[in-house]
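Listed here are the chains, written in short residue letters.
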Amino acid sequence: MDANTKKLRDNYLDWALSHSSDGVRNYEKKPDRFRFESDFAIGELNFYDLEKYVAELQITDRKTDETAFFLHFELNSLDYAKELFGEFWDTYQMVRDQRKVRVLLSCTSAVTTSYMANKLNEAAELLSLDYTFSAVSYINIYEKSDENDMVLLAPQIASEAARLLEALPDLPVLCIPPGLFATYDAPAVLEFVRDSWKKHRMRERQEVQKKSASNIDNNLTILAIALLPQGKHKFRIYYRYYHHGMPEVEETVVKCHLNLVEDLCDILDTAACRHKKYDCIGISVGGVPHHGRLDLPCRIDPDFDLEGFLTERYHVPVLIKNNVNMAALGFFARHSHYRNLAFLSVPPGYRHGGVGSIVNEKLSEGSHGIAGEVKYLLKQHEKGDASDFRLLPDETLEVVEQYARNIIAINDPEILVIRSAQITDMHVLYERLRRDIPADYMPKLRKANDDDTLEYMLLGIMMMCISDHGGKGA
């Protein structure tokens, strides 16, 4: 490390230390490391002297033991480093505000559950437990669910649990045992909640460990990247090394403020230093890739040759593809008995999404790359920023029905895979479509959660790299 880099690092470290005092304890400061702890999070700023001098920012949520923020970047500009630390600190404060496990109780009118929530809050405070309880009527449960970590249903609406589990795949939905609810036994309900939360966290960790291997034989080492929107502002960027078709190393970058070009470069710079060399890079991202450019409003200049820029910078071929197209291709790789299929994604927090289609065993992208850009179907109905519009379940059902009807009429798929957390019952969608489409022409309908969608995207972009860059396919 030269003298200028050392000075830059020391200045950045001192600046970061002076801007992180909210509830922080147990500082650890070393020349190449700054670590702090609070009651709700662990924050780290680490430096690595690799081929380039790299800074790494990470926040671990103590409530979930999960990474809430992870980012690495080449340290060559103090202003840019400060900007990224600002994002880091925004996330830290967000974790602070969400440090308690938030439990939403619901019954028909919220009268009895409001009383129960008050008793549970009193018990949690008395026992110094990080749980907070609120109540809502069932009719409003969808509007409040994304602000909570768990849903508890009163016995009188226990029959709605299956529907809610479909609509809220990332939340545990539980029914309060009738005996505990009838007696308002707050300590026993609190113990039931704590035990259920621990089991939920254990199941989540086990699911992560079960991520499927690709087993697509080829002779390439591929760095595959997938961007998955988690809401209007939050993105998760996953990258994974495939060596001869098998996943080896993977990491997740969590971003609340996405700067597409800079964030991709930060990931690729650090990956080039920390991991083995790769033969090509595949990037699965929203928008319309066309001749190396990317039409993704508010995220990148549509005239900027992103593929060419990254290829020149990293000296390996770079391939950029639409993420829903890659999800369709990945699904097809796993279910190759279908010749025609479609994958529809409507992310949370967005009015529209996209469709990827396999037609006669081939991915259909169109002449300009806009095949599947279903936002154009509803353009006449949109007001303002179409991404700034959170649909309620009934509205989502109506939009997805319109999309599905067009997909079936145009492509006639054997199966339609749908990523949409707000679709609560696929049978309801099926029956609505059946009003106009004969049963003989109806495709199978299948839900995909975010984890499934991610796996398909990574697998799809890896396969496109094999096809485009000379690897040996299976």
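Right above here is the structure, for reference.
All of these numbers come straight from a predicted model, not from anything done at the bench.

Reading the values: rules and limits
Residue numbers run consecutively from 1 along every chain, following the written order of its sequence. Per-residue local features are limited, in this predicted model, to residues with pLDDT of at least 70; the limit for side-chain atom pairs, both in listing and counting, is 80 or more; totals at the level of whole chains, interfaces and linings are taken over all residues. Each side-chain value is worked out from all heavy atoms of the structure, with water and hydrogens disregarded. Strands are runs of DSSP state E lasting at least 2 residues, helices are runs of H or I lasting at least 4, and numbering of each runs from the N terminus. Pairing of N or O atoms within 3.5 Å defines a polar contact, subject to two protein rules: one partner must be a possible hydrogen donor and the other a possible acceptor, and residues neighboring in sequence count only if both atoms are side-chain atoms. Throughout, a residue-residue contact means that at least one pair of heavy atoms, one from each residue, lies within 4.5 Å. Pairing between strands is defined by DSSP: at least two bridges between them are needed. For every element, the axis is a line fit to its C-alpha atoms; helices are fit only across the contacting stretch, and the angle between N-to-C directions ranges from 0 to 180 degrees. For our purposes a nonpolar core is just a set of buried Ala, Val, Leu, Ile, Met, Phe, Trp, Tyr and Cys residues, chained together by side-chain atoms within 4.5 Å. Burial classes: relative accessible area under 20% of the type maximum marks a residue as buried, over 50% as exposed, and values in between as partly exposed (1.4 Å probe, protein chains only). In the sections that follow, a salt bridge refers to a side-chain nitrogen of Lys or Arg positioned within 4 Å of a carboxyl oxygen of Asp or Glu. Roughly parallel covers angles under 35 degrees, roughly antiparallel covers those over 145, roughly perpendicular covers 65 to 115, and oblique covers all other angles. In this count, Pro and Cys sit with the nonpolar residues alongside Ala, Val, Leu, Ile, Met, Phe, Trp and Tyr, while Asp, Glu, Lys and Arg are called charged and the others, Gly among them, polar.

**Q** What exactly am I supposed to notice about the side chain of Asp 269 here?
**A** Mapping Asp 269 onto the fold places it in helix 8 (residues 260-274). At 2.6 Å, the side chain of Asp 269 forms a polar contact with the side chain of Tyr 314. Excluding its chain neighbours within four sequence positions, the residues that come into contact with Asp 269 are Lys 52, Glu 74, Arg 313 and Tyr 314.

**Q** What am I meant to see in the sheet that holds strand 18 (residues 354-359) here?
**A** Strand pairing in a sheet relies on backbone hydrogen bonds, with the paired strands running either antiparallel or parallel. Taken in spatial order, the five strands line up as 19-18-17-20-21 in an open sheet, and their pairing is mixed. Only two strands of the sheet have a single neighbouring strand rather than two, namely strand 19 (362-364) and strand 21 (444-447). Between one strand axis and the next, the sheet turns through 20 degrees on average, direction left out of account. When strand 20 (residues 415-419) meets strand 21, the two strands line up parallel, connected through four bridges. Each residue of the ladder has a partner; that of Leu 416, found in strand 21, is Leu 445.

**Q** What exactly am I supposed to notice about the nonpolar core here?
**A** Among soluble globular proteins, nonpolar side chains are generally buried collectively. Ile 225 and Ile 283 are the most contacted members of the largest nonpolar core, which totals 59 residues. Every residue in contact with Ile 283, bar those within four places of it in the chain, is listed here: Ile 225, Leu 227, Leu 264, Leu 310, Val 318, Leu 319, Ile 320, Lys 321 and Ile 461. Listed in part, the 33 residues of the second largest apolar core include Tyr 242, Cys 280, Ile 358 and Ile 415.

**Q** Can you walk me through the sheet that holds strand 6 (residues 101-107) in this structure?
**A** Here four strands make up an open sheet; going across it, the order is 7-6-8-9 and the pairing parallel. The outermost strands of the open sheet, each flanked by one partner alone, are strand 7 (131-137) and strand 9 (173-175). Each neighbouring strand pair of the sheet contributes to a mean axis angle of 25 degrees, computed without reference to strand direction. The pairing of strand 6 with strand 8 (residues 150-153) spans four bridges and is classified as parallel. Bridge assignment links Leu 104 to a residue of strand 8, and that residue is Val 151.

**Q** Teacher, can you tell me more about the pattern of salt bridges here?
**A** Any two side chains of opposite charge can pair, on the condition that their charged atoms come close. Tallied over the full model, the rule gives 17 salt bridges. One salt bridge connects Asp 10 with Lys 6, and the closest N-O pair in it is separated by 3.1 Å. Here Asp 10 pairs with Lys 6, and both are found in helix 1 (residues 3-18), just four residues apart, close to one helical turn. For Glu 401, the salt bridge identified is with Arg 405, shortest N-O distance 2.4 Å. Note that Glu 401 and Arg 405 are positioned in helix 11 (residues 393-411) at a spacing of four residues, about one turn of the helix. With a relative accessible area of 6%, Glu 401 lands in the buried category. Within the structure, one salt-bridge network assembled from shared partners comprises Glu 401, Arg 405, Arg 432, Arg 435 and Asp 436.

**Q** Could you clarify how one ought to interpret the packing of helix 10 (residues 323-334) against helix 13 (residues 450-469) in this entry?
**A** When two helices pack together, their arrangement is given by the angle between the helix axes and the distance between those axes. Where helix 10 meets helix 13, the closest approach of the two axes is 6 Å, and the angle between their N-to-C directions is 90 degrees. In terms of their interaxial angle, helix 10 and helix 13 are classed as roughly perpendicular. Residues Asn 323, Val 324, Met 326, Ala 327, Leu 329, Gly 330, Phe 331, Ala 333 and Arg 334 of helix 10 form the contact with helix 13, whose participating residues are Thr 453, Tyr 456, Met 457, Leu 459, Gly 460, Ile 461, Met 463 and Met 464. Taken together, the residues of the contact of helix 10 with helix 13 break down into 12 nonpolar, four polar and one charged.

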